Amino acid sequence: MWKQDAAWSAAELVVVGMLIVLFLIDPFIDERYGTMLLFGWWMPVLIVFFCLANGHNGLVTRMLHHPSVVKAGGYGFEFYMVHKMVIQATLILLMKMEVQPPYCIVLGLCLFVSVLVAKVLHFLLRPITRS
């Protein structure tokens, strides 16, 4: 049983590694091709893979089942709704300030602000959606 768990863990880590590589090379690919590659092909494959891997006790699957990760998933809709606006606002602000920080700094900033705004929206909208 342990060998099977280890094999699934290795496969999950390879898939997550490939996703990270796609995000790292995204700034260097034409926007149309990067979006198609990431969301037109890779995300559906990723979703199907993790649906199949769910019952096999791999490392990434166990991490995704952690209560804090499940709780963070509750903010998914709000994150989806705000992340593009946060990215656009950040890029506009940086252009107006005439600042060009490294891509990883901008990515981290956008991620942090998007999560923060999503949590606030979740807190504000949760009483409305429960009724």
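The structure under discussion appears in the preceding block.
Residues numbered from 1 in each chain as written. Predicted model: local features only at pLDDT ≥ 70, side-chain atom pairs only at ≥ 80, totals over all residues. Heavy atoms only, no water.

A short note on the nonpolar core
Rules: The set of buried Ala, Val, Leu, Ile, Met, Phe, Trp, Tyr and Cys residues whose side-chain atoms join them within 4.5 Å is what this entry labels a nonpolar core. The rule is simple: take the accessible area with a 1.4 Å probe, protein chains only, and divide by the maximum for that residue type; under 20% is buried, over 50% is exposed, in between is partly exposed. Every helix listed is a DSSP run of H or I at least four residues long, and every strand listed is a run of E at least two residues long, numbered separately from the N terminus. We call two residues contacting when some pair of their heavy atoms lies within 4.5 Å.
Core analysis: the largest hydrophobic core is formed by eleven residues, namely Val15, Leu19, Leu22, Leu38, Trp42, Met43, Leu46, Phe49, Phe50, Ala53 and Val60. Elements that contribute at least two residues to this core include exactly helix H1 (2-25) and helix H2 (31-53). Element by element, the count of residues in this core is highest for H2, at seven residues. Leave out the neighbours within four places in its chain, and methionine 43 touches Leu19, Phe23 and Leu38.

Some words on unusual backbone geometry
Glycine aside, residues mostly have negative phi angles, and peptide bonds mostly take the trans form. Located in the positive-phi region is asparagine 57, a residue other than glycine, with phi close to 60°. Within the chain, glutamate 98 stands out as a residue other than glycine whose phi angle is a positive 55°.

A few points about the packing of aromatic side chains
Each aromatic ring pair is characterised by the separation of its centres together with the angle its planes make. What counts is decided by this rule: Put simply, two rings from Phe, Tyr or Trp (the six-membered ring, in Trp's case) pair if the centres are within 6.5 Å, and we call them stacked under 30 degrees between planes, edge-to-face over 60, tilted for the rest.
Considering all chains together, one arrives at three aromatic pairs under this definition. Both rings, one in tryptophan 8 and one in phenylalanine 49, keep their centres 5.9 Å apart while their planes meet at 40°; by these two values the pair is tilted. Placement of the pair is tryptophan 8 in helix H1 and phenylalanine 49 in helix H2, with a sequence separation of 41 residues. Note on phenylalanine 49: relative accessible area 17%, which makes it buried. The structure contains a cluster of three or more aromatic residues connected by ring pairs, namely Trp8, Phe49 and Phe50.

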